[in-house]
Amino acid sequence: MDAEQPDAGTSAGIAREARRPRAVIACGTGRYADPWHPYPETSAAIAELLRADDWQVDVVENPDEALAALDGAALLVVNAGDPWRNGEAARGADPDAEAGLTAAFGRGIGVIATHSALSSLRDYPAFRRAIGGEWEAGRSWHPEIDDAAVRVVDDAHGIARADFTVFDERYTDLVVDDGATVLAVHDLDGVAHPVVWVRETSPGTAPVRALVSALGHDARAYESEELRAVLTRGARWAARIDA
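These numbers were taken from a predicted model, which means no experiment stands behind them. (Residues numbered from 1 in each chain as written. Predicted model: local features only at pLDDT ≥ 70, side-chain atom pairs only at ≥ 80, totals over all residues. Heavy atoms only, no water.)

**Student:** Explain helix H2 (residues 39–52) to me, please; I cannot follow it from the model alone.
**Tutor:** Since there are 3.6 residues in each turn of an α-helix, residues three or four apart along the chain are aligned in direction. For H2, spanning 14 residues, the distance from its first C-alpha to its last is 20 Å, which sits close to the expected 20 Å at 1.5 Å a residue. Taken as a whole, H2 has its buried residues at Tyr 39, Thr 42, Ser 43, Ala 45, Ile 46, Ala 47, Leu 49 and Leu 50. One or two positions beyond H2, positive phi appears at Asp 54, with a value near 75°. (Helix = DSSP H or I, 4+ residues; strand = E, 2+ residues; numbered from the N terminus. Expected span 1.5 Å × (residues − 1). Buried < 20%, exposed > 50% of the residue type's maximum accessible area, 1.4 Å probe, protein only.)

Here is the structure:
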């Protein structure tokens, strides 16, 4: 990415803006909101770290609308909750959203799924296949929010490079598919529980790369420089942007 920062109004600035990769953050509002997660706050934190790495970022406060607005985007970030918790009336795929996601997956858009995104977009099964895991009701849970020790178990792709501590919920007993590569875990009662992983699938002409971070309950998590670095490097990897 360019190190120069030309004025936005100049021809050089306009050309540079056109070269910057675009990310769309699907922020949990409406049927994707819940009482526990401040999605606008955490979406703003994610947008900040991506913009600091020279991304154009659109925060769309309706995930269905976000999926319908992926033309030209190199990255989809899902930071939203479970729509099905609001009952049968809150279920159902939006046709424009489904078409937008299908087209984006067909061309190999990168994906980041953060925290409760593991239980989100349930009306779009292609998303679940792409991220390679989920929060399963009746199985998955988390201890009280606290300082969480994250241990790196695989430095594949250079995304997670060193152990770190973050103030966060520790999602536990998640479902993680065999095709996922677990990068980092938290340990509880002698058992390692995945919290960061990557997955690559081929639903279209180009593979879809997904980074999953089960971290990020609220803005305090994004005060961790190490978590910010994992997401920054993961975004580049998912979107195939050279470091």
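**Student:** Got a minute to help me understand the sheet that holds strand E6 (residues 146–152) in this structure?
**Tutor:** Hydrogen bonds along the backbone pair up the strands of a sheet, which may run parallel or antiparallel. A sheet is described by the order of its strands in space; here 9 strands give the open sequence E2-E1-E3-E4-E11-E10-E9-E6-E7, paired in mixed fashion. Every other strand in the sheet has two partners, leaving strand E2 (56–60) and strand E7 (164–168) as the edge strands with one partner each. The mean angle between the axes of side-by-side strands here comes to 25°, regardless of whether they run parallel or antiparallel. The pairing of strand E3 (residues 75–79) with strand E4 (residues 110–114) spans 4 bridges and is classified as parallel. Within E4, the residue paired with Leu 75 across the bridge is Gly 110. (Pairing = 2+ DSSP bridges. Axes fitted to C-alpha atoms, helices over the stretch in contact; angles between N-to-C directions.)

**Student:** Mind showing me how you'd approach a negative patch on the surface here?
**Tutor:** Together, Glu 65, Asp 94, Asp 96 and Glu 98 make up a region of like negative charge exposed at the surface. Here Glu 98 lies in helix H4 (residues 95–106). (Patch = residues over 30% accessible without salt bridge, like charges linked within 9 Å, V, L, I, M, F, W, Y side chains within 5 Å. Areas by Shrake-Rupley, 256 points an atom, 1.4 Å probe, with all protein chains shown as cover. Salt bridge = Lys/Arg side-chain N within 4 Å of Asp/Glu carboxyl O. Lys, Arg positive; Asp, Glu negative; His and termini not counted. Charge placed at Lys NZ, Arg CZ, Asp CG, Glu CD.)

**Student:** I keep staring at the environment of Ala 238 and nothing clicks. Help me out?
**Tutor:** Inspection of the secondary structure assignment puts Ala 238 in helix H6 (residues 225–239). Spatially, the C-alpha atom of Ala 238 lies 7.4 Å from that of Leu 75, the residues being 163 residues apart in sequence. With residues near it in sequence (within four places) discarded, Ala 238 still touches Leu 75, Gly 110, Val 111 and Arg 209. (Contact = heavy atoms within 4.5 Å.)

**Student:** Even after reading the chapter, I still don't get the nonpolar core, so can you show me in this structure?
**Tutor:** In summary, soluble globular proteins display a tendency toward joint burial of nonpolar side chains. Leu 50, Trp 55 and Leu 75 are the most contacted members of the largest nonpolar core, which has 69 residues in total. Considering each element in turn, this core owes the most residues, 7 residues, to H6. (Core = buried A, V, L, I, M, F, W, Y, C linked by side-chain atoms within 4.5 Å.)

**Student:** I tried to follow unusual backbone geometry on my own but got confused; where do I start?
**Tutor:** Glycine aside, residues mostly have negative phi, and peptide bonds are mostly found in the trans state. Of note, the phi angle at Asp 54 is positive, near 75°, even though the residue is not glycine. Tracing the sequence through the fold places Asp 54 in the loop between H2 and E2. Asp 54 gets classed as buried once you look at its relative accessible area, which sits at 11%. In this structure, Arg 240 is a non-glycine residue whose phi angle is positive, near 60°. Here Arg 240 is to be found in the segment after H6.

**Student:** Got a minute to help me understand the pairing of E4 in this structure?
**Tutor:** A regular strand places its side chains on the two faces of the sheet in alternate fashion. Most of E4 sits out of view: 5 of its 5 residues are buried. The alternating pattern of E4 places Gly 110, Ile 112 and Thr 114 and Val 111 and Ala 113 on opposite faces, both of which are buried. Summarising the sheet, E4 and strand E11 (residues 208–213) pair through 4 bridges and their orientation is parallel. Bridge assignment links Ala 113 to a residue of E11, and that residue is Val 212.

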